[in-house]
Amino acid sequence: MPVRSSTSSFRWLLRGLVFVLLLSLCVHFIGKRYEQAAAHNTINAWTAQRYQDFYALPENSLDLVFLGSSHSYCTFDPANFTDFSSFQMGTPLQHPDTSYYALQDILAHQSPKTVVLEVYWDMLDDDFELKQAASFFEVLQNDDLKKEYIRQVFPLSEKVKYKIAAIRWQSDYFAWQSSLLQKDIRQEYGVTQPAAAAGNGEEYYLALGYTFCNTVIPPDELDKTNQFKGMDGKDFSIAKSQKKYLTQIAALCADRGIRLIFVTAPIAPVSLGYIQNYGAIHDQVAALAEALNVPYLDYNQVDCGLTLENFRDDAHLNDSGVKILDKHFDQWLKEIDDGQ
Amino acid sequence: MQFNSLTYLIFFALVLISYFLLPHRFRWALLLCASYIFYMAWRPVLIVLIVFSTFSNYLLARKIGCSHNPKRRKRLLLWSIFINFGLLFVFKYLVFFNNTFLTLFPNAWPIHTFDLVLPMGISFYTFQAAAYTIDVYRGRIAPEKHYGIFSLFITFFPQLVAGPIERTENLLPQFYEKHRFSAKNLGSGIQIMLWGFFKKMVIADRTAVLVNTVYNHIGDYGGPALAFATLLFAFQIYCDFSGYSDIAQGSARCLGFTLMDNFEKPYLSGNIREFWRRWHVSLSGWFKDYVYIPLGGNRGGKLRHYRNLFITFLVSGLWHGANWTFVLWGAFHGVYQVVDTATAAARGRLRRAWHLEGTALAAFFGVLVTFALTTLAWVFFRANTAADAFAVFRALPHGWHLLRDPQSLYAIALSLGLNLSELRFLGVSLLVLILAELCSGRYPVPVFLAKRPYLVQLAFYLLIGVLILVGGVFYDAGAFIYFQF
């Protein structure tokens, strides 16, 4: 009996090993295919261009750097600020944990006097988000910083997911495959891209890290597909890990004698109307800024003359809006400079 | 702690290794500690409730067991019912009823709206505890003397937060059995868990994106999109709940325990009564034994029988959630049960008259009608409000003409929240699920496969393993639906 039982156990163990081996091989090869899809990701292509241009800059030639998510690179165009040299270093979905490491990389090449960090609440309430880290990693040249980021920031489960290419690049692959499918369907059946999906303008990387877009908010995003419907600011709280990184950013800037500024870019007026208790969100961010002794400007509580036509979608400005806001921000910077 | 997380896998591996390394006499303590840690991973302070429920039921059941005075026994039972359902009422239904009264009497009702945390699993462990005490009272089982073992029975982590609601005679004795490590149990347990992870991560979580997109913006969609989303919700809730049950069952199997099958391919049922014998079997059994039969069951005439059926399903609906949508869902099924029962004989005569009795056509038709009826009822289950549910029904007949126009069909497909590639992947995954469930007959899929040649098993589990890793939802995945109950 013991012999049979050990034979049976050995058989099960062997079967388990065969399964794990074959599964690993399959997933590895599929993961490689998925990874190729990331190269087709246009957002990443702009991030790559942004970083390429940044690394090509003469050392210590910047006075100011913009950081943050798409709310940063769709809001601040360095070309609109003529009194100082600046560069836009926002990356898609950038959370404060990534901003901290991005800033370290920036400071290895530049010595800005001011860092403007766009703080969008949706980037503050996750403890961690892999996609934003992955899009940053693809452009970061400093391997040591990358390894430290993974070691310090990634929770264990995220480290595992990051290592498995099929998980890491899954959404990129599906998005790419979907775009191919859509193209095939349009060719086969003579259909056109629906207006909401097609957009009514164009978008491209311009210069100095800024992404140009002249689309005007589609009608659907005024109501039907507006992402802020039902949102309640009372449900918002800043995740501990993001608070930690905001604090570390402030400390790093203070250490280097850099002025740090927090800004919250505006969302479309119609979007703001859907959010209940926005004040609760503002107050939390403002309180943190005050605790860190960082000036904070929330464009959702400032009227700088923006209208719906200045927005490309329910949460981002288009180029017309960028010009208006940047003019206001430039003036605001001068005022706080004078105030100091 | 979610089953579909690395944390759970690490936790489970540690428990598994420690369990078989420990001498048998200490294993109950390990499992009890592990179960408390599992529960406290969500919100530590709420362990107080589960400990209070455990202690109360343990004490009351022992006193019932010791007493020969019928009045005293009844009084003790009533105390147990009061505590179990009192906890459930306070934490699950108090806010709901308060808000209802506030809506009905806005000026007169004195208590303003307030928030109360819903402890995870409270609907399950209170029912399990109540069943235990009632069975002791009825003399069906003897009260458990070992407090630790009893606590483990109430809090056993694989089935703690979303069932199955185990009966005392099934689960409690297993904690006294000496389980030797079995590679076969480990292997088959992992296979069952894999099947559960496939259903949850590949199908349930993927369909949830589409269903949530549509059901959270009902006014923006016509009949085809609403019908499609409702159909997918039928698969979402099945895969979510049965997936959880599979992972629970598989986890327990690895440790040497046997939990009951909670789902027996309910969508292959030929009528509504059969559906409820196959869907959430442990809950149906609980309501039958502790609500339906005490009400009188099918005794006392037809009207009484129908009344008992309706009440049982109404209460079952309310068990699922503190919202009028669940009550309406329960009422729908109550009506289905009554109509099914009332017309069963007539339908049988009709089938015989048309020579359809026992034919594949009749069976297929029965399955189709039952699936359609249950899917329609799911509208109430999923809708955010009763008004939304009625809006869905009003919109369902409209907009079907758009399907004839390729441009409109294309636009609808792009508006559902999943991109075309994800929709295609979901379709393939659903095909795998449906084929596996059809081919395995009355057996659960893992049980059916266990009898097949090794290469067939390897190919199947490799397929679902790959589908999980390359297409499972690893980000923004929702909690298991039944966690909210």
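Up top you'll find the structure we're talking about.
Computed from a predicted structure; not experimentally measured.

**Brief notes about the overall build of chain B**
Inference 1: Assigned secondary structure in chain B consists of 19 helices and zero strands.
Inference 2: Radius of gyration (C-alpha) of chain B: 23 Å, near the 23 Å computed for a compact globule of 485 residues.
Inference 3: Principal-axis analysis of the C-alpha atoms places the extent of chain B at approximately 70 × 60 × 55 Å.
Inference 4: Within chain B, the fraction of its 485 residues that count as buried is 54%.
Inference 5: Residue pairs at least 24 apart in sequence account for 74% of intrachain contacts in chain B once pairs closer than 6 positions are excluded.
Inference 6: In the form shown here, chain B has an accessible surface area of approximately 21,000 Å², with 69% of it arising from carbon and sulfur atoms.
Inference 7: Computed over 42 positive and 21 negative side-chain charges, the separation of the two mean positions in chain B equals 11 Å.

**Things to note about the overall build of chain A**
Inference 1: Along its length, chain A carries 14 helices and seven strands.
Inference 2: A principal-axis box enclosing the C-alpha atoms of chain A has dimensions of 90 × 55 × 45 Å.
Inference 3: When the 340 residues of chain A are sorted by exposure, 50% land in the buried category.
Inference 4: A total of about 15,900 Å² of accessible surface is found on chain A, and carbon and sulfur atoms cover 53% of it.
Inference 5: Here chain A contributes 29 positive and 43 negative side-chain charges, whose respective centroids are spaced 12 Å apart.

**A look at the pairing of strand S4 (residues 203-207) of chain A**
Inference 1: Taken together, the four bridges between S4 of chain A and strand S5 (residues 210-213) of chain A define a ladder with antiparallel strand orientation. By the bridge assignment for S5 of chain A, Ala207 of chain A is matched with Tyr210 of chain A.

**Thoughts on the sheet that holds strand S6 (residues 259-264) of chain A**
Strand pairs in the sheet, formed through backbone hydrogen bonds, run parallel or antiparallel to each other.
All names here are of chain A.
Inference 1: One open sheet accounts for five strands, arranged S2-S1-S3-S6-S7; its pairing is parallel. Of all the strands in the sheet, just strand S2 (86-88) and strand S7 (296-298) have a single pairing partner and so form its edges. Put simply, the sheet's adjacent strands are angled 15 degrees from each other on average, direction ignored.
Inference 2: Taken together, the four bridges between strand S1 (residues 64-67) and strand S3 (residues 114-118) define a ladder with parallel strand orientation. Note on S3: the bridge partner recorded for Leu64 is Thr114.
Inference 3: Against the sheet, helix H11 (residues 240-255) engages S3 and S6, with an angle of about 145 degrees to S6.
Inference 4: Running over the sheet, helix H13 (residues 278-291) touches S6 and S7 and is turned about 165 degrees from S7.

**Some remarks on the packing of helix H3 (residues 47-66) of chain B against helix H6 (residues 147-155) of chain B**
Each pair of packed helices can be summarised by the angle the axes make with each other and by the distance between the axes.
Residue and element names in this part refer to chain B.
Inference 1: Remark: H3 packs on H6, axes separated minimally by 10 Å, with the N-to-C direction vectors making an angle of 125 degrees. Judged by the angle between their axes, H3 and H6 are oblique. For H3 against H6, the interelement crossing comes out right-handed. Every residue of H6 that contacts H3 at Ile50, Val51, Thr54, Phe55, Asn57 and Tyr58 is listed here: Tyr147, Phe150, Ser151, Ile154 and Thr155.
Inference 2: Of the residues in the contact of H3 with H6, the class split is seven nonpolar, four polar and no charged.

**Description of the nonpolar core**
Inference 1: Counting 159 residues, the largest nonpolar core has Phe156, Phe157, Phe198 and Leu255 of chain B as the members making the most contacts within it.
Inference 2: Excluding residues within four positions of it along the chain, Leu255 of chain B makes contact with Phe12, Val15, Leu16, Tyr19, Phe20, Leu31, Phe156, Phe157 and His179 of chain B.
Inference 3: Core analysis: the next-biggest nonpolar cluster, separate from the first, contains 59 residues, Val115, Leu145, Ala250 and Ile275 of chain A among them.

**Section: the interface of chain A and chain B**
Inference 1: Each partner contributes residues to the interface: chain A has 35 residues there, and chain B has 34 residues.
Inference 2: Taking both partners together, chain A and chain B bury about 3,200 Å²; carbon and sulfur atoms supply 70% of that area.
Inference 3: The interface formed by chain A and chain B contains zero salt bridges.
Inference 4: Summed over the shared surface of chain A and chain B, the result is eleven residue pairs in polar contact (both at pLDDT 80 or more).

**So, the layout of surface pockets**
Residues and elements named next belong to chain B.
Inference 1: Roughly 680 Å³ of internal volume is contained in the second largest pocket.
Inference 2: Gly270, Arg347, Arg351, Phe365 and Gly366 are, among the 26 residues lining the second largest pocket, the residues nearest its centre.
Inference 3: Of all the secondary-structure elements, those providing two or more residues to the lining of the second largest pocket are helix H10 (272-278), helix H13 (324-353) and helix H14 (360-382).
Inference 4: Classifying every residue of the lining of the second largest pocket by side-chain character gives 15 nonpolar, seven polar and four charged.

**Observations concerning unusual backbone geometry**
Inference 1: Here the residue pair Gly163 of chain B and Pro164 of chain B is connected by a cis peptide bond, since its omega of 5 degrees sits within 30 degrees of zero.
Inference 2: Phi angles above zero are rare outside glycine, and Asn277 of chain A is one such case at about 55 degrees.
Inference 3: Checked against the element boundaries, Asn277 of chain A lands in the loop between helix H12 (269-274) and H13.
Inference 4: The exposure class assigned to Asn277 of chain A is partly exposed, which follows from its relative accessible area of 37%.
Inference 5: Phi angles above zero are rare outside glycine, and Asn293 of chain A is one such case at about 60 degrees.
Inference 6: Mapped onto the secondary structure, Asn293 of chain A falls in the loop between H13 and S7.
Inference 7: Assessed through its relative accessible area of 70%, Asn293 of chain A is described here as exposed.

**Let's talk about helix H15 (residues 386-395) of chain B**
Residues and elements named next belong to chain B.
Inference 1: Buried within H15 we find Ala389, Ala391, Val392 and Ala395. What you see down the axis of H15 is that its buried residues fit within an arc of 160 degrees, all on one side. Exposed residues on H15 whose side chains face more than 90 degrees from its buried face are Ala387 and Arg394.
Inference 2: Elements that come into contact with the buried residues of H15 comprise helix H8 (183-215), helix H9 (223-255) and H14.

What counts as what
Residues numbered from 1 in each chain as written. Chains lettered and ligands numbered in written order. Predicted model: local features only at pLDDT ≥ 70, side-chain atom pairs only at ≥ 80, totals over all residues. Heavy atoms only, no water. Helix = DSSP H or I, 4+ residues; strand = E, 2+ residues; numbered from the N terminus. Rg over C-alpha atoms; globule rule 2.2 N^0.38 Å. Buried < 20%, exposed > 50% of the residue type's maximum accessible area, 1.4 Å probe, protein only. Contact = heavy atoms within 4.5 Å. Areas by Shrake-Rupley, 256 points an atom, 1.4 Å probe, with all protein chains shown as cover. Lys, Arg positive; Asp, Glu negative; His and termini not counted. Charge placed at Lys NZ, Arg CZ, Asp CG, Glu CD. Pairing = 2+ DSSP bridges. Axes fitted to C-alpha atoms, helices over the stretch in contact; angles between N-to-C directions. Parallel < 35°, antiparallel > 145°, perpendicular 65-115°, else oblique. Left-handed = near helix turned anticlockwise from the far one by under 90°. Nonpolar A, V, L, I, M, F, W, Y, C, P; charged D, E, K, R; others polar. Core = buried A, V, L, I, M, F, W, Y, C linked by side-chain atoms within 4.5 Å. Buried area = accessible area lost by both parts, 1.4 Å probe. Salt bridge = Lys/Arg side-chain N within 4 Å of Asp/Glu carboxyl O. Polar contact = N/O pair within 3.5 Å; in protein donor to acceptor, adjacent residues only side chain to side chain. 1 Å grid on protein atoms, 1.4 Å probe; cavity = no way out; pocket = protein on both sides within 12 Å on 5 of 7 lines; lining within 4 Å. Points joined across faces, edges and corners; volume = space filled by probe spheres on them. Arc of directions from axis to C-beta.

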